[in-house]
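Spelled out from the first residue to the last, the chains are:
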Amino acid sequence: NVIYLCACVRACVRCLAAYAYLLLISLIFPHAFADNAAEDSPHRRFEYKFSFKGPHLTQSDGKIPFWIHSGNAIPSSDQIRITPSLRSQKGSVWTKNPVSFEHWEAEVAFRVSGRGRMGADGLAIWFTASQGLEGPVYGAADQWNGVGIFFDSFDNDGKKNNPAVLVVGNNGKLIYDHQNDGTTQSLGTCLRDFRNKPYPVRAKITYYKKTLSVFINNGFTPDKDDYEFCTRVENMIIPEIGYFGISAATGGLADDHDVLSFLLFRLTEPGQNLPPPEKEIPKEEKDKYQEEFENFQQELDKRKEEFQKEHPDVQGQPIEDLFESVNDQEIRQVFEGQNRIHLEIKQLNKQLAMILDEQRRYVSVITEEISKRSSQAQSGQAPNHDMDTIINTQQEVLRNLNEVRNSLSDFKQLAVGQQQGNAAGLGSYETVQHFNDIKEHLHVVKRNIEHIIQKNNPAEKVKCPELPPSPTCLSSTHFVIFIVIQSLLFFSYIMYKSQQEAAAKKFF
């Protein structure tokens, strides 16, 4: 033990000595490590003419400054929906002017969201010698000259290796291998699930010194700089002049492919001359733009004052709180529909309770009559077998009604569970089967009531005034109305479910 302790002490002393040595070097030469880091990191300059970002992403005519869109792409003020969640859609956006940077870095924020467990087909980020406005490769042209970074969400080859990120280069002659998800042509790949994330997924693509690097932010945190390494391709040759683009496509399955921002930076190696700044606009044009801006600002302030005078109750309230987001609206619609179903089932439960009470009262009266008839039979009179049949039928009706009521109670609990957000509830098939069981119970009740009415007619012929008349709530008309209400409730539920699916696929 003493020898082991001495060895540990010697190791600690060596570590402390090494740490002190490094600390001394850093104090004597404070710029040594900083210079090395500065030598490796290039200078970045933002290029606004090859970028877009919300809000106010589009102009009044619906166009994107310095970009063009084609196919099913839908620009809005805060994002570009490359393809909506509809089948067989294709869309893309491309820079109007070519890019001639030797080194560059692109940061892209996007969302891929859909209702299914799998999505299709995917999204692609391009740098090509020409604009591939439309085609079979994620909505862009095939046989491109350049590089594409593909976010593939559908598993074509059945190898369970999707969603995935692939880097595929092309010299303008190769045809993309769709059947194998491009794995035979990919220069680098990584498995990343980029669908249905709480925050936008971000991709950083860097081309520096003939090396293409891809970093991914998985969208689980709001930290914009939380990138993870995905893949790197060295000694990669791409066109000196090309266009940036983003495209997407859907197939039999469909996702919403939304791009929130595309930011491009020009990279300059350390020691090289920085790119010259752009020419300043003439003073006359600058004064004109400044005057337009001031007029716009004055009109905006004037409208704000008018709005505050007309709505004094919302002063000091954030603007975001006055509007409802798309997700909040969908959740509110779901809860409202669940509340309506819950109220309808509750009302049906009350009506069944009333019918059960009437049936119990009717059975009690018949039971008293049977007891009287049995006492008369003991005194020498013949028993009435019709009354036995009636009481047995009424008891059978009571059992059926209890089963219906229990079914409604179970369905009521199911509706409440769905309203509270329990995803483990019954699926669509089980719900339809439950409604079919309820309808079968109602048909049984109807047949029993008709049987009771047929049994009551002979009793009236033998003139038994002691029996009370059949309650009005047990008439066939009431039960037909009850069945109609139940059917309407069933079809309302089916229509509501279809409307929810259609609302989830809406785009704006």
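Residues numbered from 1 in each chain as written. Predicted model: local features only at pLDDT ≥ 70, side-chain atom pairs only at ≥ 80, totals over all residues. Heavy atoms only, no water.

Caption draft 1: Spotlight on the overall build of the chain. In terms of regular secondary structure, the chain is built from 7 helices and 16 strands. A total of 508 residues make up the chain; the buried ones form 37% of that total. Residue pairs in contact within the chain that sit at least 24 positions apart in sequence constitute 71% of those at least 6 positions apart. (Helix = DSSP H or I, 4+ residues; strand = E, 2+ residues; numbered from the N terminus. Buried < 20%, exposed > 50% of the residue type's maximum accessible area, 1.4 Å probe, protein only. Contact = heavy atoms within 4.5 Å.)

Caption draft 2: Representation of the nonpolar core. Ranked by internal contacts, the top residues of the largest apolar core, which has 42 residues, are F52, W104, F110, F151, F262 and L264. Here this core takes 5 residues from strand 7 (residues 104-113), the largest share from any one element. Setting aside chain neighbours within four positions, we find W104 in contact with F127, I205, T206, Y207, L212, I238, F244, L264, F265 and L267. Counting residues in each nonpolar core, the second largest holds 13 residues, with A124, V137, Y138 and F150 among its members. (Core = buried A, V, L, I, M, F, W, Y, C linked by side-chain atoms within 4.5 Å.)

Caption draft 3: Summary view of the confidence of the model for the chain. A residue-level look at the chain finds 69% of positions with pLDDT of 70 or above and a mean pLDDT of 77. Segment residues 421-429 is flagged for pLDDT under 50; beyond a separation of four residues in sequence, or across chains, it makes 6 contacts in the model. Below pLDDT 50 for its whole length, residues 458-467 participates in 7 contacts with residues either more than four positions away or in separate chains. (pLDDT = per-residue confidence, 0-100.)

Caption draft 4: Just the packing of aromatic side chains, in detail. As enumerated under the stated definition, the model contains 21 aromatic pairs in all. Seen from their ring centres, Y48 and F66 are 6.0 Å apart, and the 75 degrees between their planes marks the pair as edge-to-face. Here the residue Y48 occupies a position in the loop between strand 1 (43-46) and strand 2 (52-53), and F66 occupies one in the loop between strand 2 and strand 3 (67-71), the gap between them amounting to 18 residues. The class of Y48 is partly exposed, set by a relative accessible area of 43%. Among the aromatic side chains, those forming a connected cluster through ring pairs are F52, W67, W104, F127, Y207, F244 and F262. Geometry around F265 places R44 over its ring, the cationic atom sitting 3.9 Å from the centre. (Phe/Tyr/Trp six-rings, centres within 6.5 Å; stacked < 30°, edge-to-face > 60°. Lys NZ or Arg CZ within 6 Å of the ring centre and 35° of its normal.)

Caption draft 5: Seen up close, the environment of Q351. Its place among the elements puts Q351 in helix 4 (residues 326-378). Residue classification places Q351 among the partly exposed residues on the basis of a relative accessible area of 26%. For the pair Q351 and F482, spaced 131 residues apart in the sequence, the C-alpha separation amounts to 8.9 Å.

Caption draft 6: Just the pattern of salt bridges, in detail. Inspection of the entire model under this criterion finds 10 salt bridges. The salt bridge partner of R44 is E107, with a shortest N-O separation of 3.2 Å. On the criterion of sequence distance, the pair formed by R44 in strand 1 and E107 in strand 7 is long-range, its members being 63 residues apart. Salt-bridge contacts for R195 lead to D255; the nearest nitrogen and oxygen are separated by 2.8 Å. Here the residue R195 occupies a position in the loop between strand 11 (186-191) and strand 12 (201-208), and D255 occupies one in the loop between strand 15 (243-249) and strand 16 (256-268), the gap between them amounting to 60 residues. Each of R44, E105 and E107 takes part in one network of salt bridges that share partners. (Salt bridge = Lys/Arg side-chain N within 4 Å of Asp/Glu carboxyl O.)

Caption draft 7: Representation of the UniProt feature "transmembrane region" (unreviewed entry) in the chain within the structure. On the UniProt side, "transmembrane region" (unreviewed entry) is annotated at positions that read residues 479-496 here. As annotated, residues 479-496 has a helix share of 100% and a strand share of 0%, and its two end C-alpha atoms lie 25 Å apart. (UniProt positions renumbered as here; feature names shortened; annotations may be inferred.)

Caption draft 8: Examining a nonpolar patch on the surface more closely. Side chains of I331, V334 and F335 sit close together on the surface and give an oily, nonpolar patch of about 230 Å² of accessible area. Locating V334 in the fold gives a position in helix 4. (Patch = residues over 30% accessible without salt bridge, like charges linked within 9 Å, V, L, I, M, F, W, Y side chains within 5 Å. Areas by Shrake-Rupley, 256 points an atom, 1.4 Å probe, with all protein chains shown as cover.)

Caption draft 9: Fine view of the state of the cysteines. Throughout the structure, instances matching the rule amount to 1 disulfide. Between the sulfur atoms of C190 and its disulfide partner C230 the distance amounts to 1.8 Å. Classification of the bridge connecting C190 and C230 rests on its S-S torsion, roughly -90 degrees, and on that basis the disulfide is left-handed. Taken together, the positions of C190 in strand 11 and C230 in strand 14 (residues 228-234) put the pair 40 residues apart, joining distant regions of the chain. (Disulfide = S-S within 2.5 Å.)

Caption draft 10: Looking closely at unusual backbone geometry. The step from A120 to D121 runs through a cis peptide bond, and the omega angle for that step is -15 degrees. Assignment of secondary structure puts D121 in the loop between strand 7 and strand 8 (122-128). Cis geometry is adopted by the peptide bond preceding P163, which originates at N162 and carries an omega value of 0 degrees. Within the element layout of this structure, P163 appears in the loop between strand 9 (145-152) and strand 10 (164-171). Despite not being glycine, H56 has its phi angle at roughly 60 degrees, a positive value. With respect to the helices, strands and loops of the structure, H56 is situated in the loop between strand 2 and strand 3. A relative accessible area of 69% places H56 in the exposed class. Located in the positive-phi region is Y138, a residue other than glycine, with phi close to 50 degrees. Structurally, Y138 can be placed in the loop between strand 8 and strand 9. We classify Y138 as buried; its relative accessible area is 6%.

Caption draft 11: Examining the sheet that holds strand 6 (residues 90-95) more closely. Judged by pairing direction, the sheet is antiparallel, and its 7 strands sit side by side in the order 3-6-15-8-9-10-11 without closing on themselves. A strand with exactly one partner marks an edge of an open sheet, and here the two such strands are strand 3 and strand 11. Sheet twist, expressed as the mean angle between neighbouring strand axes with direction ignored, is 15 degrees. Both strand 3 and strand 6 contribute to a ladder of 5 bridges, which runs antiparallel. Within strand 6, the residue paired with H69 across the bridge is V93. (Pairing = 2+ DSSP bridges. Axes fitted to C-alpha atoms, helices over the stretch in contact; angles between N-to-C directions.)

Caption draft 12: Structural context of the pairing of strand 16. For strand 16, a buried count of 11 out of 13 residues is recorded, marking the element as mostly surrounded by other parts of the structure. Where strand 1 meets strand 16, 4 bridges bridge the pair, whose relative direction is antiparallel. Within strand 16, the residue paired with R45 across the bridge is R266. Alignment of strand 2 against strand 16, held across 2 bridges, turns out to be antiparallel.

Caption draft 13: Representation of the side chain of D256 within the structure. Structurally, D256 can be placed in strand 16. Given a relative accessible area of 7%, D256 falls into the buried group. From its side chain, D256 meets the backbone nitrogen of S85 in a polar contact 2.6 Å long. (Polar contact = N/O pair within 3.5 Å; in protein donor to acceptor, adjacent residues only side chain to side chain.)

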